[in-house]
Amino acid sequence: MARTVIEKVDCDACLKKGEEVDAVMKLIIGPDEYDLCERHGEKFRALLAEALGTTTAITQSA
Ligand SMILES: [Zn+2]
């Protein structure tokens, strides 16, 4: 009998607030790894783009 095991990963940022939200992307900076949901992922992408001075490539979202 075959059994499929699906690994569920929660968003680290949402977990800090006590919420369980499926993570859809991973952020790795040096030794640090973060699993993030769509909302937090986009937030971090925007922050990083701003830090790198490439804000024009990303449309600002709420
Ligand atoms: Zn999140």
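First, a word on scope: everything that follows refers to the structure included in this document. (Residues numbered from 1 in each chain as written. Predicted model: local features only at pLDDT ≥ 70, side-chain atom pairs only at ≥ 80, totals over all residues.)

1. Focus: the overall build of the chain
Looking only at helices and strands, the chain features 2 helices and 2 strands. Each helix (α) and strand (β) of the chain, taken in turn from the N terminus, gives the series α-β-β-α. When the 62 residues of the chain are sorted by exposure, 11% land in the buried category. By sequence separation, contacts in the chain at least 24 residues apart represent 19% of the contacts at least 6 residues apart. (Helix = DSSP H or I, 4+ residues; strand = E, 2+ residues; numbered from the N terminus. Buried ≥ 20, exposed ≤ 12 C-beta atoms within 10 Å, placed from the backbone. Contact = placed C-beta atoms within 7 Å.)

2. A closer look at helix α2 (residues 38–52)
The terminal C-alpha atoms of α2 lie 21 Å apart, and with 15 residues this matches the ideal 21 Å at 1.5 Å per residue to within 8%. Looking one or two residues past α2, Gly53 carries a phi angle of roughly 75 degrees, positive in sign. (Expected span 1.5 Å × (residues − 1).)

3. Things to note about the pairing of strand β1 (residues 25–29)
Little of β1 is tucked away, with 0 of its 5 residues classed as buried. Note: β1 against strand β2 (residues 32–36), 5 bridges, orientation antiparallel. The partner of Ile28 across the bridge, within β2, is Glu33. (Pairing = 2+ DSSP bridges.)

4. Quick look at the nonpolar core
By size, the foremost hydrophobic cluster in this structure holds 5 residues: Cys11, Ala13, Ala23, Leu36 and Cys37. Among all residues touching Ala23, those that are not within four sequence positions of it are Val9, Asp10, Cys11, Asp35, Leu36 and Cys37. (Core = buried A, V, L, I, M, F, W, Y, C linked by C-beta atoms within 7 Å.)

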